[in-house]
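Geometric and topological summary
In case you want the letters, here they are:
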Amino acid sequence: MSTTTTPAPSTAQILANPTAYPPPPPDPWWRFTGRAVEHKTGQAPGFYPWARVHSISVAAPDETAATRRARALLGEPTRHDHWHIEWTDVTRCKN
């Protein structure tokens, strides 16, 4: 199977006719909204009545990046050893 590629336009070509070379659309970003609680290793994930639940909302391109950003915003847990984050709503961000 043969594929042909076209060379990228030069700066001069783009400046001479910008409408012929529109920029590529941006990757979609998502608004992740959820909650986080501190957990002990071995504890079943859940939201217990005595837990301090933190609401959190971040924009990211995917769930992995959203979780990483959420943990960075939350900082290190103070009462237990890790964060349990549950995303309850994911919506596309407007461009």
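Further up the page is the structure itself.
What you see is a predicted model, and the numbers here were worked out from it, not measured in a lab.

Another point: helix α2 (residues 63-74). The terminal C-alpha atoms of α2 lie 16 Å apart, and with 12 residues this matches the ideal 16 Å at 1.5 Å per residue to within 8%. All of the buried residues along α2 are Ala-65, Ala-66, Thr-67 and Ala-70. Near the N-terminus of α2, the side chain that reaches the backbone nitrogen of Thr-64, with its oxygen 3.2 Å away, is that of Asp-62. Where α2 terminates, the next one or two residues include Gly-75, which has phi positive at roughly 80 degrees.

Time to look at the side chain of Glu-38. By the secondary structure assignment, Glu-38 is in strand β1 (residues 30-39). With no salt bridge to any partner, buried Glu-38 finds its closest opposite charge in Arg-79, at an N-O distance of 5.4 Å. One polar contact links the side chain of Glu-38 to the main-chain amide nitrogen of His-80, over a distance of 3.0 Å. Sequence-distant contacts of Glu-38, defined by excluding residues within four places in its chain, comprise Pro-77, Thr-78, Arg-79, His-80, His-82 and Trp-83.

Criteria and cut-off values
Residues numbered from 1 in each chain as written. Predicted model: local features only at pLDDT ≥ 70, side-chain atom pairs only at ≥ 80, totals over all residues. Heavy atoms only, no water. Helix = DSSP H or I, 4+ residues; strand = E, 2+ residues; numbered from the N terminus. Expected span 1.5 Å × (residues − 1). Buried < 20%, exposed > 50% of the residue type's maximum accessible area, 1.4 Å probe, protein only. Polar contact = N/O pair within 3.5 Å; in protein donor to acceptor, adjacent residues only side chain to side chain. Lys, Arg positive; Asp, Glu negative; His and termini not counted. Salt bridge = Lys/Arg side-chain N within 4 Å of Asp/Glu carboxyl O. Contact = heavy atoms within 4.5 Å.

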